[in-house]
Amino acid sequence: MIGKNLTFGKSEEKLLREKDRSMTRNKIIAGNWKMNMTPSEAVTLLETLKPLLHNDEVEVVFGVPAIDIIPVVEACKGTNIKIAAENMYFEEKGAYTGEISPGMLVDAGVRYVILGHSERRTYFHETDEDINKKVLKAFEHGLIPIMCCGESLKQRKQGITMDWIRQQVKVGLQNVTADQAKIAVIAYEPIWAIGTGIAATNVQAEEICKEIRECIAEMYDTNTAQKIHILYGGSVNADNAAGLFIMEDIDGCLAGGASLKQDFGKIVNYK
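In this text the structure is predicted, and so the values were computed from the model without any measurement. (Residues numbered from 1 in each chain as written. Predicted model: local features only at pLDDT ≥ 70, side-chain atom pairs only at ≥ 80, totals over all residues. Heavy atoms only, no water.)

Peer 1: I'd love a proper account of the overall build of the protein chain, names of residues and values included.
Peer 2: For the protein chain, the count of helices and strands is 13 helices and eight strands. Computed over C-alpha atoms, the radius of gyration of the protein chain comes to 17 Å, within 12% of the 18 Å expected from 2.2 N^0.38 for 271 residues, which places it in the range of a compact globule. By its C-alpha atoms, the protein chain is 45 × 45 × 40 Å across when sized along the principal axes. Classification of the 271 residues of the protein chain by burial places 53% in the buried group. Considering only intrachain contacts with a sequence separation of at least 6, the fraction spanning at least 24 residues in the protein chain is 75%. Put simply, the protein chain has 31 plus and 37 minus side-chain charges, and the middle of one group is 2 Å from the middle of the other. (Helix = DSSP H or I, 4+ residues; strand = E, 2+ residues; numbered from the N terminus. Rg over C-alpha atoms; globule rule 2.2 N^0.38 Å. Buried < 20%, exposed > 50% of the residue type's maximum accessible area, 1.4 Å probe, protein only. Contact = heavy atoms within 4.5 Å. Lys, Arg positive; Asp, Glu negative; His and termini not counted. Charge placed at Lys NZ, Arg CZ, Asp CG, Glu CD.)

Peer 1: Kindly report on the pairing of strand β8 (residues 252-255), identifying the contributing residues and their values.
Peer 2: Residues Gly252 and Leu254 line one face of β8 and the alternating positions Cys253 and Ala255 line the opposite face, and both faces are buried. With four bridges joining them, strand β1 (residues 27-32) and β8 adopt parallel strand pairing. Bridge pairing links Ile28 to Gly252 in β8. (Pairing = 2+ DSSP bridges.)

Peer 1: Describe helix α10 (residues 202-219), with residues and values.
Peer 2: Here α10 spans 26 Å end to end across 18 residues, near enough to the 26 Å set by a 1.5 Å rise per residue. Among all positions of α10, only Ala205, Glu206, Ile208, Cys209, Ile212, Arg213, Cys215, Ile216 and Met219 are buried. (Expected span 1.5 Å × (residues − 1).)

Peer 1: Now, about the pattern of salt bridges: what can you tell me, with residues and values included?
Peer 2: Per the stated rule, a full pass over the model turns up 17 salt bridges. A salt bridge links Lys50 to Glu47; its shortest N-O distance comes to 3.0 Å. Across the pair Lys271 and Glu57 runs a salt bridge, and its minimum N-O distance is 3.2 Å. Here Glu57 lies in the loop between α2 (39-49) and β2 (58-64) and Lys271 lies in the segment after α13 (264-268), a separation of 214 residues in the sequence. Residues joined in a network through salt bridges with shared partners are Arg25, Arg213, Asp249 and Asp251. (Salt bridge = Lys/Arg side-chain N within 4 Å of Asp/Glu carboxyl O.)

It is worth stressing that arrangement in space is one thing and function is another; only the former is reported here.
This is how it looks when you write it as structure tokens:
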């Protein structure tokens, strides 16, 4: 059974109320800065980008390195830009040198946290079970997880793309309640498209995002599946964004390199 023993905290209830105000899914256009931008460079970039990011139909999110969080939150005051951490540990505090806790992120003004990015899985050997612990802890603190999933080129050629992604989604959301899942964000990022300049076609991206939504419906119900946000990531740019965003099951993007350029404004203002 999914999430029968978990209860909602006050922070989660607030998030759910906010999301329930609208029956339709707004677009979330997020940027993942990865290991780029010193604090001073981050503030300079934001001062350049802020005038370009005006679209009331879109929620803009920047995922920034931990050292940049506080100056970036400060620089975004008075705007509608939300800040995401690029990672988070699943313990409250303790002898975990180099890690950052959910409480630290909340206190710093973070709204979202990117979890399970393929680079974390590949370089730092994070498992689906690790991601699940982080997702549950994020919800406990009222943080919105952006949970990443995706297949390698080898897995796509082997024809196991959806088997692989279904496992990532099902394990990643283990013990997550339907109400929590409605708040969550899933980012589909085919590993073969990340940083390569080769994006999935609109049809390829829509096909997988639709199947992820169907997987959520199987795990929970149709209502939950219709509320969860599913983003596409993988060489998203100003030229291909609009075509991706018109697809029924693609609710925005998690862009990488494009979020470090002025062209990110064109992605946000895709129409």
